[in-house]
Amino acid sequence: MAFFLTGAARMPMSFKSKMSLIDDFERKLPEEKQRILDTEIGVLLNRSWQPRRFIMTKEALHFAFSNDDVEIDHIPLAEITSSIIMKDTDTTGVRTNSRKPSRRNSAGPIQTAGLHTINISTEIDGYNSGRAYYLQAESNEMTLRLLVEIQENSKAARHRMASRNILKLVQRRMKKVFDSPPAQTVIIAAILLNFAVTVVRSQYSDRAGHKDMQADLVLLADQVDLVFVTFFLAELAINAGSHWYKPF
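Right, let's walk through the structure included here. (Residues numbered from 1 in each chain as written. Predicted model: local features only at pLDDT ≥ 70, side-chain atom pairs only at ≥ 80, totals over all residues. Heavy atoms only, no water.)

### Brief notes about the overall build of the chain
We count it as follows: Helix numbering and strand numbering both begin at the N terminus, where a helix is a DSSP run of H or I of at least 4 residues and a strand a DSSP run of E of at least 2. Burial status follows relative accessibility: with a 1.4 Å probe on protein chains alone, a residue under 20% of its type maximum counts as buried, one over 50% as exposed, and anything between as partly exposed. In this analysis, two residues are considered to be in contact whenever any of their non-hydrogen atoms come within 4.5 Å of each other. Only the protein chains shown count as cover for residues, with accessible areas throughout obtained via the Shrake-Rupley method and a probe of 1.4 Å.
Counting its regular elements, the chain contains four helices and seven strands. Relative to its 248 residues, the chain shows a buried fraction of 33%. For the chain, long-range pairs separated by at least 24 residues make up 59% of all intrachain contacts whose partners lie at least 6 apart in sequence. For the chain, the exposed surface amounts to about 16,500 Å²; the carbon and sulfur share of it is 61%.

Here it is, written out as structure tokens:
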């Protein structure tokens, strides 16, 4: 982590240090109010269980070094394809029982004997590129609770993602139809026809004589005008829907 010196000892920061600070700021862990769970777990990395800070929000699982606030990895909950419990015997040969604590990890080695493991699979085309994760909590009870939280929040995140995808799909199709040459031709023709009907109505409504015929024409023009109003309201709604939060 970069640090600052005060007073006369303060030195100009290099470009690399500035970029490191910016990168750390961008990878800050979620705010406390967004956290569902904030605990210490073991993560299997390079055939060794390593202590990590684990934070769950409604959208993702976040990992950091112990006692650190900078994210080093995360898993979008909507991209978890499966999360299951593996018994202690299921991980034989792929783990070690101890690890020397690094400079950034003061929590020490994770004890794995007799503990269950959570196996998380991710989407191949997603953020984690299909990587499998193995997690362990301090007890089997905590591991089961962690699994339930991951499964429930992953399901909810997938539902939210599906809803957003459906809306985006509908919006793209609406925009494609609205911007197509036939649709634009119909709209232009409707505008010109509406203008012509308005001119005819204004001409006949001001003339003297043949009041009965004028009244019928004015009534017909009003009805046609109502059709145009309905058409243009629908056109405006489709235009707004297909270009939502974008320039028309």
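Okay, back to it.
### Quick notes on the side chain of His 74
To keep it simple, the criterion reads: Here a polar contact is recorded for every N or O atom pair within 3.5 Å, except that within protein the pair must consist of a potential hydrogen donor and a potential acceptor, and residues adjacent in sequence are included only if both atoms are side-chain atoms.
Tracing the chain through its elements places His 74 in strand S4 (residues 71-76). You can call His 74 buried: its relative accessible area is 16%. One polar contact links His 74 to Glu 71, side chain to side chain, over a distance of 2.9 Å. Setting aside residues no more than four positions away along its own chain, His 74 makes contact with Ala 60, Leu 61, His 62, Phe 63, Tyr 127 and Asn 128.

### Some details on the packing of aromatic side chains
Convention followed: Only rings of Phe, Tyr and Trp enter the pairing, Trp through its six-membered ring, and a pair is recorded when the two centres are within 6.5 Å. The plane angle decides the type: under 30 degrees is stacked, over 60 is edge-to-face, the rest tilted.
Overall, the coordinates contain four aromatic pairs when judged by the stated rule. Centre to centre, the rings of Phe 231 and Phe 232 are 5.4 Å apart; their planes meet at 75°, and the pair counts as edge-to-face. Given a relative accessible area of 22%, Phe 232 falls into the partly exposed group. Among the aromatic side chains, those forming a connected cluster through ring pairs are Phe 54, Phe 63 and Tyr 133.

### Remarks on a positive patch on the surface
Put simply, the rule is: Exposure above 30% relative accessible area and no salt bridge define the residues that can form patches, which grow by joining like charges within 9 Å and nonpolar side chains of Val, Leu, Ile, Met, Phe, Trp and Tyr within 5 Å. What makes a salt bridge here is a side-chain nitrogen of Lys or Arg within 4 Å of a carboxyl oxygen of Asp or Glu, nothing more. His residues and chain termini do not enter the charge count, which takes Lys and Arg as positive and Asp and Glu as negative. Charged groups are reduced to one reference atom each: NZ for lysine, CZ for arginine, CG for aspartic acid, CD for glutamic acid.
On the surface, Arg 164, Lys 168, Arg 172, Arg 173 and Lys 176 cluster together to form a positively charged patch. Following the sequence through the fold, Arg 172 ends up in helix H2 (residues 140-178). Judged by its relative accessible area of 54%, Arg 172 is exposed.

### Examining the environment of Asn 119
On the secondary structure map, Asn 119 appears in strand S6 (residues 117-122). Given a relative accessible area of 11%, Asn 119 falls into the buried group. Spatially, the C-alpha atom of Asn 119 lies 5.5 Å from that of Ser 83, the residues being 36 residues apart in sequence. Those residues in contact with Asn 119 that sit more than four places away from it in its chain are Ser 82, Ser 83, Ile 84, Met 86, Ala 132, Tyr 133 and Tyr 134. A polar contact is formed between the side chain of Asn 119 and the backbone oxygen of Tyr 133, at a distance of 3.5 Å.

Such coordinate-based values are descriptive only and should not be taken to indicate function.
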